[in-house]
Amino acid sequence: MMRIKRIEEFNLSNRANKAVIALLSECFSAYPSGQSFYKQIPSFRFLAYDDKVLVGHLAVHFRMMNIGGLTANIFGVSDLCVSSDRRSKNIATSLLTELENLGTKNKIDFLILVAQDHGLYTKNGFKVVDNTCRWLLINGHQSLGVMHGQLKRCIMMKAIGDKKWQDGILDFLGPVF
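Here is a short report on the structure shown in this document. (Residues numbered from 1 in each chain as written. Predicted model: local features only at pLDDT ≥ 70, side-chain atom pairs only at ≥ 80, totals over all residues. Heavy atoms only, no water.)

**Overview of the pattern of salt bridges**
This structure, assessed with the given rule, holds seven salt bridges. Ionic pairing is found between Glu8 and Arg6, a salt bridge with its closest N-O pair at 3.6 Å. A residue is classified by how much of its surface remains accessible, and Glu8, at 29% relative accessible area, is partly exposed. Here Arg6 falls in the partly exposed class, since its relative accessible area comes to 43%. Asp171 is the partner of Arg134 in a salt bridge, and the nearest nitrogen-oxygen pair spans 3.0 Å. Of the two residues, Arg134 sits in strand β7 (residues 132–139) while Asp171 sits in strand β10 (residues 170–171), which places them 37 residues apart along the sequence. (Salt bridge = Lys/Arg side-chain N within 4 Å of Asp/Glu carboxyl O. Buried < 20%, exposed > 50% of the residue type's maximum accessible area, 1.4 Å probe, protein only. Helix = DSSP H or I, 4+ residues; strand = E, 2+ residues; numbered from the N terminus.)

What follows is the structure, encoded as structure tokens:
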């Protein structure tokens, strides 16, 4: 039976961290070797277990963003993945639902993510937005500057609060997830 556990990043055990690294390496061929995060450590994670085996993962970045002059509390979704032998069993949808429920209970305005393949996210109520973006460029654990430009057909959002998405610059106020 599958169970989903939410864990703050600072409470992630060494064993769970190793399982996350293994799952990320399996699911993303270009993922940084030996890391459990891509550019920046997430605030917390949802981990899906089948018995004691990690089968699904979703990292969450909690922050404020500026969306065309509107400040909003967001959950940034990153590294959503499911082990290859457990796909098509609604595990990814279950992880997204857990996140949405948490956000709704805690006055989060939007869920935001970056994706090339929109299928899963569209099925879960996300929409593509085409705002010009501003973000902190990080490489090799160093800040390299502030970038400004379009991330064509990559940014997706789901409104879960009362605020309305705005046109204008989408300022990540940090790195892209």
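**Some thoughts on unusual backbone geometry**
Even without being a glycine, Asp51 presents a positive backbone phi close to 60 degrees. Inspection of the secondary structure puts Asp51 in the loop between β2 (44–50) and β3 (53–67). The backbone phi angle of His141 is positive, close to 60 degrees, even though this residue is not glycine. Relative to the assigned elements, His141 resides in the loop between β7 and β8 (142–150). Accessibility expressed as a relative area gives 56% for His141, which makes it exposed.

**Considerations on empty space enclosed by the protein**
The tally for this structure, following the rule as stated, stands at one cavity of 30 Å³ or more. Reported here for the largest cavity is a volume of approximately 80 Å³. In this structure, the largest cavity is lined by 13 residues; those nearest its centre are Tyr38, Gln40, His61, Ser78 and Phe177. Within the residue set of the lining of the largest cavity, elements represented by two or more residues are β3 and β4 (70–82). For the lining of the largest cavity, the element with the highest residue contribution is β3, accounting for three residues. When its residues are assigned to classes, the lining of the largest cavity shows seven nonpolar, three polar and three charged. (1 Å grid on protein atoms, 1.4 Å probe; cavity = no way out; pocket = protein on both sides within 12 Å on 5 of 7 lines; lining within 4 Å. Points joined across faces, edges and corners; volume = space filled by probe spheres on them. Nonpolar A, V, L, I, M, F, W, Y, C, P; charged D, E, K, R; others polar.)

**Structural notes on a positive patch on the surface**
There is a patch of like positive charges on the surface, built from Arg3, Lys5, Arg15 and Lys52. Structurally, the position occupied by Lys52 is in the loop between β2 and β3. On the basis of relative accessible area, Lys52 is assigned to the exposed category, the value being 65%. (Patch = residues over 30% accessible without salt bridge, like charges linked within 9 Å, V, L, I, M, F, W, Y side chains within 5 Å. Areas by Shrake-Rupley, 256 points an atom, 1.4 Å probe, with all protein chains shown as cover. Lys, Arg positive; Asp, Glu negative; His and termini not counted. Charge placed at Lys NZ, Arg CZ, Asp CG, Glu CD.)

**Thoughts on the pairing of strand β5 (residues 110–114)**
Counting buried residues in β5 gives four out of five residues, a clear majority hidden from the surface. Pairing analysis gives four bridges linking β4 to β5, with the strands arranged parallel. In the sheet register, Phe75 faces β5, and the bridge partner there is Leu111. For the crossover that starts at β4, traverses helix α2 (residues 91–105) and ends in the parallel β5, the hand is right-handed. Two strands pair when backbone bridges link them, and β5 and strand β9 (residues 155–159) are joined in this way by five bridges, in the antiparallel orientation. (Pairing = 2+ DSSP bridges. Right-handed = clockwise from strand over helix to strand, strands pointing away.)

**Concerning helix α1 (residues 14–27)**
Along its 14 residues, α1 runs 20 Å from first to last C-alpha, staying within 8% of the 20 Å computed at 1.5 Å per residue. Buried within α1 we find Ala16, Val20, Ile21, Leu23, Leu24 and Cys27. Projection of α1 onto a plane perpendicular to its axis shows the buried side chains occupying an angular sector of 170 degrees, all on one side. Exposed side of α1, more than 90 degrees from the buried face: Asn14, Arg15 and Lys18 are the residues found there. Looking at the buried positions of α1, the neighbouring elements they touch are β2, β3 and β4. (Expected span 1.5 Å × (residues − 1). Arc of directions from axis to C-beta. Contact = heavy atoms within 4.5 Å.)

**Examining the packing of aromatic side chains**
For the structure on display, the rule yields eight aromatic pairs. For the pair Phe44 and Phe75, a centre-to-centre distance of 5.4 Å together with 80 degrees between the ring planes defines the contact as edge-to-face. Taken together, the residues Phe44 in strand β2 and Phe75 in strand β4 connect sequence positions 31 residues apart. Of the two residues examined, Phe44 and Phe75, each falls in the buried class. An aromatic cluster of at least three residues, connected via ring pairs, comprises Phe44, Phe46, Phe62 and Phe75. Above the face of the Phe44 ring, Arg6 is positioned so that its terminal group lies 5.9 Å from the ring centre. (Phe/Tyr/Trp six-rings, centres within 6.5 Å; stacked < 30°, edge-to-face > 60°. Lys NZ or Arg CZ within 6 Å of the ring centre and 35° of its normal.)

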